[in-house]
Amino acid sequence: MTDKECFVVNNDTINSITFRKNKLLSKILLPDNLLFIGDAAFSFCMSLRQICIPASVQFVGVAAFCKSGLEEVVFKGVPKIIEPSIFIGCKHLKKVLVPMGQKQHFCKVLGIDRNLIFEGTESYKDLAPVTKKIEVRSEMTKRINTFSYNNRYFYWKSGDSVT
């Protein structure tokens, strides 16, 4: 990451259009308890290159990543519902990693070129930043103790980390 920012979601839901047209979003860390990614939640996030969707996700909404800058997507599990066209207009998409034995299912559901879908368990470490120090923006919660706060997400500048 250069001057872009990484967002951390601390909720089980990402509502529709939550990050839509966010120009700063280049990386995002989704929690292991995430259940719902709403319609167009990450649409037009042109700086977003990678995302790892936790196994807990049960629903991915229509056009969730529409016209984003995604190049690589990892599905750690198989959502019960994947709405149509989640990757429509993703011209930079090069790789979708899915759980073993699920390539055929994802080919059918995602409606993308099957040559972009791979099975396996690769390291996810490059998709989530190692963190040490948090910088909280003024519009976010005023105080953070460890990860105890009221807002749905916070973010920090690249180069910073959380311990």
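Only a predicted model underlies this, so the values are computations on that prediction, with no experimental measurement involved.

Novice: Help me understand the overall build of the protein, please; the structure alone is not making it clear to me.
Specialist: The number of helices and strands found in the protein is one helix and 11 strands. Reading the protein from its N end, one meets helices and strands in the order β-β-β-β-β-β-β-β-β-α-β-β. The proportion of buried residues among the 163 residues of the protein is 47%. Across the protein, contacts joining residues at least 24 apart in sequence account for 33% of those joining residues at least 6 apart. As displayed, the protein has an accessible area near 8,800 Å², and 49% of this comes from carbon and sulfur atoms.

Novice: Just checking my understanding: could you explain the sheet that holds strand β7 (residues 72–75) for this structure?
Specialist: Whenever strands of a sheet pair, they do so through backbone hydrogen bonds, lying parallel or antiparallel. Within the open sheet, the four strands sit side by side as β5-β7-β9-β10. Their pairing is parallel. Looking at the sheet topology across the chains shown, the edges are occupied by β5 (50–53) and β10 (117–119). On average, each strand axis in the sheet is tilted by 15 degrees relative to the strand beside it, whichever way the strands run. Here β5 pairs with β7 via four bridges, running parallel.

Novice: Could you clarify how one ought to interpret the sheet that holds strand β2 (residues 13–14) in this entry?
Specialist: An order of β2-β4-β6-β8 is seen for the four strands of this open sheet, with the pairing classed as parallel. What marks the edges here is a single partner per strand, and that holds for β2 and β8 (81–82). One ladder, built from two bridges, connects β2 with strand β4 (residues 36–37); its direction is parallel. Residue pairing for β4: Thr13 is matched across the bridge by Phe36.

What counts and how
- Residues numbered from 1 in each chain as written.
- Predicted model: local features only at pLDDT ≥ 70, side-chain atom pairs only at ≥ 80, totals over all residues.
- Heavy atoms only, no water.
- Helix = DSSP H or I, 4+ residues; strand = E, 2+ residues; numbered from the N terminus.
- Buried < 20%, exposed > 50% of the residue type's maximum accessible area, 1.4 Å probe, protein only.
- Contact = heavy atoms within 4.5 Å.
- Areas by Shrake-Rupley, 256 points an atom, 1.4 Å probe, with all protein chains shown as cover.
- Pairing = 2+ DSSP bridges.
- Axes fitted to C-alpha atoms, helices over the stretch in contact; angles between N-to-C directions.

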